[in-house]
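Now for the letters of each chain:
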Amino acid sequence: MKKLIVSAVVSLILTLTGLFVNCMYYQNNKSLLLAYRMYGGEITAEKGFGLSVTHIYAMTPDSRDSLSCRFDPIGFILTFLLLTLIIWLVWTIIAMIRRPRSAA
């Protein structure tokens, strides 16, 4: 149980750090640094660490591009849970490898 709580705390710190990095990078560059990018015809979507950026490109000369950045709670929770699982699994596997084997 202790491993799971520590894994969750470390995961929360990593997820919040990734969210902060993406937020600061978006402020400067209007895109996310740590994100999964999906490209479509006139749209680019980026998702990472609880942020979702959608860039819709104008298709006519008199139109303007649309850019939006939103907090994505489902993405944040999924990132948190996935990182928690990965940290817990790595910690458990390392503990199993380090455990001394008894001679039978």
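Described below are features of the structure shown in this document.

Parameters at a glance
- Residues numbered from 1 in each chain as written.
- Predicted model: local features only at pLDDT ≥ 70, side-chain atom pairs only at ≥ 80, totals over all residues.
- Heavy atoms only, no water.
- Helix = DSSP H or I, 4+ residues; strand = E, 2+ residues; numbered from the N terminus.
- Expected span 1.5 Å × (residues − 1).
- Contact = heavy atoms within 4.5 Å.
- Phe/Tyr/Trp six-rings, centres within 6.5 Å; stacked < 30°, edge-to-face > 60°.
- Buried < 20%, exposed > 50% of the residue type's maximum accessible area, 1.4 Å probe, protein only.
- Lys NZ or Arg CZ within 6 Å of the ring centre and 35° of its normal.

The next thing to look at is helix α1 (residues 2-29). With 28 residues, α1 should reach 40 Å at 1.5 Å per residue; the first-to-last C-alpha distance of 40 Å fits that figure. In the core, the buried residues of α1 are packed alongside β2 (43-48), β3 (51-56), β4 (66-71) and α2 (73-98). Among the residues trailing α1, Lys-30 stands out with phi positive, at a value near 60°.

We now examine the packing of aromatic side chains. Taken as a whole, this structure holds one aromatic pair when the rule is applied. Summarising the aromatic geometry, the rings of Phe-71 and Phe-76 are spaced 5.8 Å apart at their centres and angled 50° between planes, so their arrangement reads as tilted. Its relative accessible area of 48% is what places Phe-71 among the partly exposed residues. Across the ring face of Tyr-26, the terminal group of Lys-30 is positioned such that the distance to the ring centre comes to 5.1 Å.

Unusually for a residue other than glycine, Lys-30 sits at a positive phi of about 60°. Residue Lys-30 is classed as partly exposed on the basis of its relative accessible area, which comes to 42%. In this model, Phe-49 sits at a positive phi of 55°, which is unusual for a non-glycine residue. Tracing the chain through its elements places Phe-49 in the loop between β2 and β3.

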